[in-house]
Amino acid sequence: MLEVVTIPADVLYKKAEPVPEIDDAVVELADQMVDAMHAAKGIGLAGPQVGRSLRLFVVHLTDDEPRLFINPEIIGTSIETAKMEEGCLSIPGLYADVVRPRAVEVQAYNRRGRPFTLTAEGLLARGIQHELDHLNGVLFLDHLSQRKRDRLLKNYDPALFAEV
Ligand code: NI
């Protein structure tokens, strides 16, 4: 099982590299990420969160299949925004309301190396934006004011939330 890394691991603050080729190893990594996401009861997981600085992530909402996005790019965002509470497997136990575009259009490659475009709203749009941020070294906390972030991180220790 892949291990999910938590803050302040360096890999979480770094821009990830494009996946150079969508081969069996990448598909295997994606499948292992889905397993790790399920084990951690998360709804999304990005390459850097398993220590792989590569541009891919998986999202799995209830009543949906796991979705894989390789070398994703957001090509459109709604002007309308929405506020939603977010958490992150790499920052266990911390939650905060984050404002983001309500809908996005994303382009990415699937496990067969084929490009696809998807328009998403609601929780899926939220998950895609959160996970894509991870590929750029950005955490949901970075969307908060410095003051709010400092308050949340004061005395925060991810080890306190480690599974036993
Ligand atoms: Ni996250």
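Report on the accompanying structure. Since the structure is predicted, the reported quantities are computational estimates derived from the model, not experimental observations.

## Examining helix α1 (residues 24-39)
An ideal rise of 1.5 Å per residue puts 22 Å on 16 residues; α1 measures up with 23 Å between its terminal C-alpha atoms. Taken residue by residue, α1 has V26, V27, L29, A30, M33, V34, A36 and M37 as its buried positions. Packing partners of the buried residues in α1 comprise β1 (44-46), β2 (56-59) and β3 (67-77). The first or second residue beyond α1 is K41, which carries a positive phi of 60 degrees.

## Focus on the coordination of the nickel ion
Octahedral metals with six donors have ideal donor angles of 90 or 180 degrees. Tetrahedral metals with four donors have an ideal donor angle of 109.5 degrees. Taken together, C88 (SG), H130 (NE2) and H134 (NE2) make up the full set of protein donors to the nickel ion, lying 2.0 to 2.2 Å away. Here the donor residues of the nickel ion are spaced in sequence according to C-x41-H-x3-H. In this pair, H130 and H134 both sit in helix α2 (residues 122-135), four residues apart, roughly one turn of the helix. Across this residue pair, the class does not change: H130 and H134 are buried.

## What about the sheet that holds strand β6 (residues 103-109)?
One open sheet accounts for five strands, arranged β1-β2-β3-β6-β7; its pairing is antiparallel. The sheet is open, and its two borders are formed by β1 and β7 (115-121), each paired with just one other strand. Sheet twist, expressed as the mean angle between neighbouring strand axes with direction ignored, is 40 degrees. As defined by bridge partners, β2 adjoins β3 across four bridges and the pair is classed as antiparallel. Paired with L56 across the bridge in β3 is I70. Relative to β2, α1 is tilted by about 40 degrees, and along the sheet it contacts β1, β2 and β3.

## Points about a positive patch on the surface
Together, K83, R147, K148 and R151 make up a positively charged patch on the protein surface. Tallying contributions element by element places helix α3 (residues 146-153) first for the positive patch, with three residues. Structurally, the position occupied by K148 is in helix α3.

Criteria and cut-off values
- Residues numbered from 1 in each chain as written.
- Predicted model: local features only at pLDDT ≥ 70, side-chain atom pairs only at ≥ 80, totals over all residues.
- Heavy atoms only, no water.
- Helix = DSSP H or I, 4+ residues; strand = E, 2+ residues; numbered from the N terminus.
- Expected span 1.5 Å × (residues − 1).
- Buried < 20%, exposed > 50% of the residue type's maximum accessible area, 1.4 Å probe, protein only.
- Contact = heavy atoms within 4.5 Å.
- Donors = N, O, S within 2.8 Å, 3.2 Å for Na, K, Ca; no water.
- Pairing = 2+ DSSP bridges.
- Axes fitted to C-alpha atoms, helices over the stretch in contact; angles between N-to-C directions.
- Patch = residues over 30% accessible without salt bridge, like charges linked within 9 Å, V, L, I, M, F, W, Y side chains within 5 Å.
- Areas by Shrake-Rupley, 256 points an atom, 1.4 Å probe, with all protein chains shown as cover.
- Salt bridge = Lys/Arg side-chain N within 4 Å of Asp/Glu carboxyl O.
- Lys, Arg positive; Asp, Glu negative; His and termini not counted.
- Charge placed at Lys NZ, Arg CZ, Asp CG, Glu CD.

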